[in-house]
Amino acid sequence: MRFDVVTLFPAIFDGYLTQSLLDKAIVRGLVEIQRHNLRDWAEDTPHRKVDDRPFGGGPGMLLQVEPTVTCVRDVDAMCDVPARKILLTPQGRRLDQRLAEDLATSDRIMLMCGRYEGFDQRVLDILQPEEISIGDFVLNGGEVAAMTIIDAVVRLLPGVLGDEQSSLDDSFSRGNRMLEFPQYTRPREFEGHTVPDVLLSGDHAAIAKWRAEQSRVKTIDRRRDLLPENSKPNHEHPNQRS
Ligand SMILES: Nc1cc(-c2ccc3ccn(Cc4ccc(CN5CCCCC5)cc4)c3c2)n[nH]1
């Protein structure tokens, strides 16, 4: 899979791209991440201006339609595979595991990271990107949301996580909608806190039963909404794919 990230701050991704799971996946050719600085598409050098004040007044600045649309079209054309365009915004469809699994089926994803107060509306009208939010809070730009999407998607790609780390049993993977059971490792006792005996018993059936019960109790206590009897569809944003 290839990610193309359009951003005013490509350096934000430096540390992230060298972190081990992603770095290994890149080295193994399982994923490719290309960054594109929107400022390189600014019309007027030397100021390389890509933002301007909103018509009609209002706070802050907006990213202009011309450099953005030109940039996205140029980036899209850099590779034969057409990119699934995603625009990060607080107003988008909420990212969840189901959407991450859907994104993981794409061959190429372009992540459009805005800044300031976002993009001129004509960017959305012309390019018709899918709009995705990572939660009901306002970040300072799309980059952290983009990294979140990359993180959630890359771990789902075949071969990225070894079998022992499979994402299949994650809390929210493949329709699994239960919270994790408690996990323990050595030492067996720390400051008087011990490991549940069942986990030391070697009785795999009893361990599985205990873990299922722990997941159920925790899910009822914290996320009753996840239980099958309470589940409701994730209402898609009007301009979202099915
Ligand atoms: N899940 C999530 C994604 C983001 C996200 C993603 C991308 C950008 C680009 C800029 N920002 C900052 C921002 C966005 C919206 C406003 C509200 N403002 C009100 C007046 C009319 C214009 C809009 C303010 C500042 C972004 C924030 N935050 N949270």
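Residues numbered from 1 in each chain as written. Predicted model: local features only at pLDDT ≥ 70, side-chain atom pairs only at ≥ 80, totals over all residues. Heavy atoms only, no water.

Observations concerning the overall build of the protein
In step 1: A tally of regular secondary structure across the protein gives seven helices and nine strands.
In step 2: Oriented by its inertia axes, the alpha-carbon framework of the protein measures out at about 70 × 40 × 35 Å.
In step 3: The buried share of the protein, reckoned over its 242 residues, is 40%.
In step 4: Long-range pairs, those at least 24 residues apart, make up 72% of the contacts in the protein with a sequence separation of at least 6.
In step 5: Counting only carbon and sulfur atoms, one obtains 51% of the accessible surface of the protein, whose full area is about 14,200 Å².
In step 6: Considering the protein, the positive charge centre built from 31 side chains and the negative charge centre built from 39 side chains are found 3 Å apart. (Helix = DSSP H or I, 4+ residues; strand = E, 2+ residues; numbered from the N terminus. Buried < 20%, exposed > 50% of the residue type's maximum accessible area, 1.4 Å probe, protein only. Contact = heavy atoms within 4.5 Å. Areas by Shrake-Rupley, 256 points an atom, 1.4 Å probe, with all protein chains shown as cover. Lys, Arg positive; Asp, Glu negative; His and termini not counted. Charge placed at Lys NZ, Arg CZ, Asp CG, Glu CD.)

Notes on the layout of surface pockets
In step 1: In this model, the second largest pocket occupies a volume close to 510 Å³.
In step 2: Lining of the second largest pocket is provided by 25 residues; of these, Leu88, Thr89, Pro90, Glu117 and Gly118 occupy positions nearest its centre.
In step 3: Broken down by secondary-structure element, the contributors of at least two residues to the lining of the second largest pocket are β5 (84–94), α5 (121–127) and β7 (130–133).
In step 4: Broken down by element, the lining of the second largest pocket gets its largest block of residues, five residues, from β5.
In step 5: Here the lining of the second largest pocket is composed, by residue class, of twelve nonpolar, ten polar and three charged. (1 Å grid on protein atoms, 1.4 Å probe; cavity = no way out; pocket = protein on both sides within 12 Å on 5 of 7 lines; lining within 4 Å. Points joined across faces, edges and corners; volume = space filled by probe spheres on them. Nonpolar A, V, L, I, M, F, W, Y, C, P; charged D, E, K, R; others polar.)

A short note on unusual backbone geometry
In step 1: The amide bond that connects arginine 186 to the next residue, proline 187, takes the cis arrangement and shows omega of 5°.
In step 2: As for its position among the elements, proline 187 is in the loop between α6 (143–154) and β8 (189–190).
In step 3: A positive phi angle, near 50°, is found at arginine 48, a position not held by glycine.
In step 4: Within the fold, arginine 48 resides in the loop between β2 (32–37) and β3 (51–52).
In step 5: Given the relative accessible area of 28%, arginine 48 is considered partly exposed.

Digging into the site of the ligand
In step 1: Taken together, 17 residues lie around the ligand, and Glu117, Ser133, Ile134, Phe137 and Leu139 are the ones closest in.
In step 2: In the model, a nitrogen atom of the ligand is placed 3.0 Å from a nitrogen or oxygen of the glutamate 117 side chain.
In step 3: One can see that the ligand is located within the second largest pocket.
In step 4: The leading source of residues in the shell around the ligand is β5, at three residues. (Near = heavy atom within 4 Å. Polar contact = N/O pair within 3.5 Å; in protein donor to acceptor, adjacent residues only side chain to side chain. Sits in = over half its atoms within 2 Å of the grid points.)

Side note on the domain arrangement of the protein
In step 1: Taken domain by domain, the protein holds domain 1 (2–154) and domain 2 (170–230).
In step 2: Between the C-alpha centres of domain 1 and domain 2 the distance comes to 37 Å. (Domains from an automatic or database assignment.)

Here we look at the environment of valine 72
In step 1: In this fold, valine 72 is placed in helix α3 (residues 65–76).
In step 2: We classify valine 72 as buried; its relative accessible area is 0%.

Some words on the pairing of β5
In step 1: Bridge count for β5 against strand β6 (residues 108–112) is four bridges, and the pairing is parallel. Considered in β6, the bridge of lysine 85 is made with methionine 110.
In step 2: For the segment spanning β5, helix α4 (residues 97–103) and β6, crossover handedness is right-handed.
In step 3: The pairing of β5 with β7 spans five bridges and is classified as parallel. The residue of β7 that forms the bridge with isoleucine 86 is glutamate 130. (Pairing = 2+ DSSP bridges. Right-handed = clockwise from strand over helix to strand, strands pointing away.)

Description of α3
In step 1: Counted at 1.5 Å a residue, the expected span for α3 with its twelve residues is 16 Å, and the 16 Å between its end C-alpha atoms agrees.
In step 2: Inspection of α3 places Val65, Pro67, Thr68, Val69, Cys71, Val72, Val75 and Asp76 among the buried residues, and these make up the whole buried set.
In step 3: Elements that come into contact with the buried residues of α3 comprise β1 (2–7), β2, β4 (62–63), β5, β6 and α5. (Expected span 1.5 Å × (residues − 1).)

Topic: the side chain of arginine 108
In step 1: Within the secondary structure, arginine 108 sits in strand β6.
In step 2: A polar contact is formed between the side chain of arginine 108 and the backbone oxygen of valine 81, at a distance of 2.8 Å.
In step 3: If near-sequence neighbours (up to four positions away) are discounted, arginine 108 is found in contact with Arg2, Asp4, Val75, Asp76, Cys79, Val81, Pro82, Ala83 and Arg84.

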